[in-house]
Amino acid sequence: MSKLVIVTAPSGAGKTTIVRHLLSTFDQLVFSVSATTRSKRDYEVEGKDYYFISQEAFRQHIAQGDFLEWEEVYDNQFYGTLKSEVARIWNAHLQIIFDIDVKGALNIKKSYPHDSLAIFVKPPSAEVLYQRLKGRQTETPESLQKRLARAEEELGYKDKFDHVLVNDTLEHALEESERVVRDFLNEKLWRP
Ligand code: ADP
Ligand code: 5GP
């Protein structure tokens, strides 16, 4: 049985930054590429960051039972983990790292309680979260508001996770993420 590292956070808290660091640090970790119906950002690569698919294709995957989990994270924006993605990584005897929303993270944790480490990345404050999301320049004023409203709700779930990582100074957050994941990967059997 392979291990799973699940990283979740309100949008803009820094989980993509942290997941990229973990991927470059640990050779045995492979990113679980999700399917999504949202449009691609300029810097994203199809098949590497996401499988960008139409709503129709997404609904077809739901109907066929292809998803391990999926969520309508924002109105009309669907995200999901394909079972085939997990199988691909496990067949290669590697470990999976997920960048996934809070509900999806809790669902995966529930499916693999003893083999997964679930990390919640917390922004130091609501103001910092707003500044980071704005600074990333990926959102319209409407989508920024949507993400901030959801962030408040998501923060309420943080105590359900194995580890809460405050992403204040990036260097410290990266070090902490590395330590927690190294300890987990070195454990023979994970006992939360
Ligand atoms: P998420 O994947 O959670 O939405 P990102 O990793 O895209 O978040 O980070 C949001 C923005 O904040 C990005 O522009 C990123 O470069 C920046 N960022 C992430 N962590 C920090 C930090 N500790 N200090 C300052 N900026 C950060
Ligand atoms: P973004 O649009 O910023 O890339 O992602 C928005 C949110 O969707 C983030 O919280 C991200 O972690 C989450 N997300 C990405 N992939 C999946 C997935 O496969 N399933 C679920 N439930 N959430 C996902």
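As a reminder, the structure under discussion sits directly above these lines.
Model, not experiment: these values are computed from the prediction. Just so you know, the residues in each chain are numbered from 1, in the order the chain's sequence is written. Labels are handed out in written order, letters beginning with A for the chains and numbers beginning with 1 for the ligands. Local features are withheld for residues below a pLDDT of 70 in this predicted model, meaning they are given only at 70 or higher, and side-chain atom pairs are given and counted only at 80 or more; totals for whole chains, interfaces and linings count all residues. Side-chain metrics rest on all non-hydrogen atoms present in the structure, leaving aside hydrogens and water.

Draft legend 1. Up close: the sheet that holds strand β7 (residues 95–99). Pairing is parallel across the open sheet formed by 5 strands, whose spatial order is β2-β7-β1-β8-β9. The sheet is open, and its two borders are formed by β2 (29–31) and β9 (163–166), each paired with just one other strand. Looking at each pair of strands side by side, their axes are set apart by 25° on average, direction ignored. Here, strands pair whenever DSSP counts at least two bridges between them. Each helix is a run of H or I in the DSSP string that is no shorter than four residues. Each strand is a run of E no shorter than two, and both are numbered from the N terminus. Of the pairings in the sheet, the one linking β2 to β7 comprises 3 bridges and is parallel in character. Of the residues in β7, the one forming a bridge with Phe31 is Ile97. Between two residues, a contact is recorded if the distance between any of their heavy atoms is within 4.5 Å. Axes here mean lines fitted to C-alpha atoms, for a helix over just the part in contact, with angles spanning 0 to 180 degrees between N-to-C directions. Contacts from helix α7 (residues 170–186) reach β1 (4–8), β2, β7, β8 (116–122) and β9 within the one sheet, and its direction differs from that of β9 by about 160°.

Draft legend 2. Just the site of ligand 2, in detail. Being near a molecule or strand, for a residue, means having at least one of its heavy atoms within 4 Å of it. In the vicinity of ligand 2, 17 residues are found, and the nearest of them are Ser34, Arg38, Tyr50, Glu69 and Tyr79. Residues adjacent in sequence count toward polar contacts only when both atoms are side-chain atoms; beyond that, a polar contact is any pair of N or O atoms within 3.5 Å, and within protein one must be able to donate a hydrogen and the other to accept it. With respect to ligand 2, the side chain of Lys15 contributes an N or O atom lying 3.5 Å from an oxygen atom. In this structure, an oxygen atom belonging to ligand 2 sits 2.6 Å away from a side-chain N or O atom of Tyr50. Working definition of accessibility: Shrake-Rupley area with a 1.4 Å probe, residue cover restricted to the visible protein chains. For ligand 2, whose unbound accessible area comes to 510 Å², protein coverage reaches 97%. For the shell around ligand 2, the secondary-structure elements that each account for two or more residues are β5 (67–74) and β6 (77–82). Counting residues per element, the shell around ligand 2 draws most heavily on β5, which supplies 4 residues. Residues are grouped as follows: Ala, Val, Leu, Ile, Met, Phe, Trp, Tyr, Cys and Pro are nonpolar; Asp, Glu, Lys and Arg are charged; all remaining types, including Gly, are polar. A breakdown of the residues in the shell around ligand 2 according to their chemical character gives 5 nonpolar, 4 polar and 8 charged.

Draft legend 3. Spotlight on the packing of helix α5 (residues 126–136) against helix α6 (residues 141–155). Direction vectors running N to C along α5 and α6 enclose 150°, while the axes themselves pass 11 Å from each other. In terms of orientation, α5 lies roughly antiparallel with respect to α6. The two elements α5 and α6 cross, and the hand of that crossing is right-handed. Mapping the contact onto sequence places Leu129, Tyr130, Leu133, Lys134 and Arg136 in α5 and Leu144, Arg147, Leu148 and Ala151 in α6. A class-by-class count of the residues in the contact of α5 with α6 yields 6 nonpolar, no polar and 3 charged. An angle below 35 degrees is treated as roughly parallel, one above 145 as roughly antiparallel, one from 65 to 115 as roughly perpendicular, and anything else as oblique. Definitions for this section: a left-handed crossing has its near helix turned counterclockwise from the far helix by less than a right angle. A right-handed crossing has that turn clockwise.

Draft legend 4. Up close: the nonpolar core. For the purposes of this section, nonpolar cores are sets of buried Ala, Val, Leu, Ile, Met, Phe, Trp, Tyr and Cys residues that join through side-chain atoms within 4.5 Å. Working definition: with a 1.4 Å probe on protein chains only, accessible area under 20% of the residue-type maximum means buried, over 50% means exposed, and in between means partly exposed. Counting 27 residues, the largest nonpolar core has Val5, Leu29, Ile97, Ile119 and Val181 as the members making the most contacts within it. With 6 residues, the single largest contributor to this core is α7. Leave out the neighbours within four places in its chain, and Val5 touches Leu29, Ile96, Ile97, Phe98, Leu117, Ile119, Val181 and Phe184. Val30, Ile89, Ile100 and Ile108 belong to the second-largest nonpolar core, a separate cluster that totals 17 residues.

Draft legend 5. Up close: the pattern of salt bridges. Whenever Lys or Arg places a side-chain nitrogen within 4 Å of a carboxyl oxygen from Asp or Glu, that contact is recorded as a salt bridge. Per the counting criterion, the structure on display carries 13 salt bridges. Ionic pairing is found between Asp49 and Arg20, a salt bridge with its closest N-O pair at 3.5 Å. Taken as a pair, Asp49 in the loop between β3 (34–36) and β4 (50–52) and Arg20 in helix α1 (residues 15–25) lie far apart in primary sequence, 29 residues in all. In this structure Asp49 comes out as buried when scored by relative accessible area, which is 13%. Exposure remark for Arg20: the relative accessible area of 46% places this residue in the partly exposed category.

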